[in-house]
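# Observations on the three-dimensional arrangement
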Amino acid sequence: IEQNLQKVLNVIERNTEGLTKKQVSNRTRFLKKKERNEILEDLLETGQIEYVAVKQDGKISYMYRSK
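Our subject in this report is the structure included herewith. This structure is a prediction, so every number in the text was calculated from the model and none was measured. (Residues numbered from 1 in each chain as written. Predicted model: local features only at pLDDT ≥ 70, side-chain atom pairs only at ≥ 80, totals over all residues. Heavy atoms only, no water.)

### Brief notes about the overall build of the protein
- Along the protein, the regular secondary structure elements total three helices and two strands.
- Secondary structure of the protein in N-to-C order comes out as α-α-α-β-β.
- Over its C-alpha trace the protein gives a radius of gyration of 12 Å, about what one expects of a compact globule, namely 11 Å for 67 residues.
- Structurally, the protein occupies a C-alpha span of about 40 × 25 × 20 Å along its principal axes.
- The 67 residues of the protein split such that 30% are buried. (Helix = DSSP H or I, 4+ residues; strand = E, 2+ residues; numbered from the N terminus. Rg over C-alpha atoms; globule rule 2.2 N^0.38 Å. Buried < 20%, exposed > 50% of the residue type's maximum accessible area, 1.4 Å probe, protein only.)

### Quick notes on a negative patch on the surface
- Together, Glu-35, Glu-38, Glu-41, Asp-42 and Glu-45 line one region of the surface with negative charge.
- As for its placement among the helices and strands, Glu-38 is situated in helix H3 (residues 33-45). (Patch = residues over 30% accessible without salt bridge, like charges linked within 9 Å, V, L, I, M, F, W, Y side chains within 5 Å. Areas by Shrake-Rupley, 256 points an atom, 1.4 Å probe, with all protein chains shown as cover. Salt bridge = Lys/Arg side-chain N within 4 Å of Asp/Glu carboxyl O. Lys, Arg positive; Asp, Glu negative; His and termini not counted. Charge placed at Lys NZ, Arg CZ, Asp CG, Glu CD.)

### Concerning the nonpolar core
- Val-8, Ile-12, Leu-40, Leu-43 and Ile-49 are the most contacted members of the largest nonpolar core, which totals 13 residues.
- At the level of secondary structure, the elements contributing two or more residues to this core comprise helix H1 (2-14) and H3.
- Here the element with the most residues in this core is H1; it accounts for five residues.
- Once you skip the residues sitting within four places of it in the chain, Val-8 turns out to touch Thr-28, Leu-31, Ile-39, Leu-40 and Leu-43. (Core = buried A, V, L, I, M, F, W, Y, C linked by side-chain atoms within 4.5 Å. Contact = heavy atoms within 4.5 Å.)

Encoded structure:
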């Protein structure tokens, strides 16, 4: 579990502008949906990543970014 958590964190950190949930899912296909969601929740709770609204092309997108 700890290895997978580190892999997800690395995927998010590599993209400084942030990733949508769909992009995170595509880049972490080795995980099941439930595991991925639990890891994202843990990272949010511990403050390692943030879930923010970003305005792009007149639309609001929600992105995961590392702090």
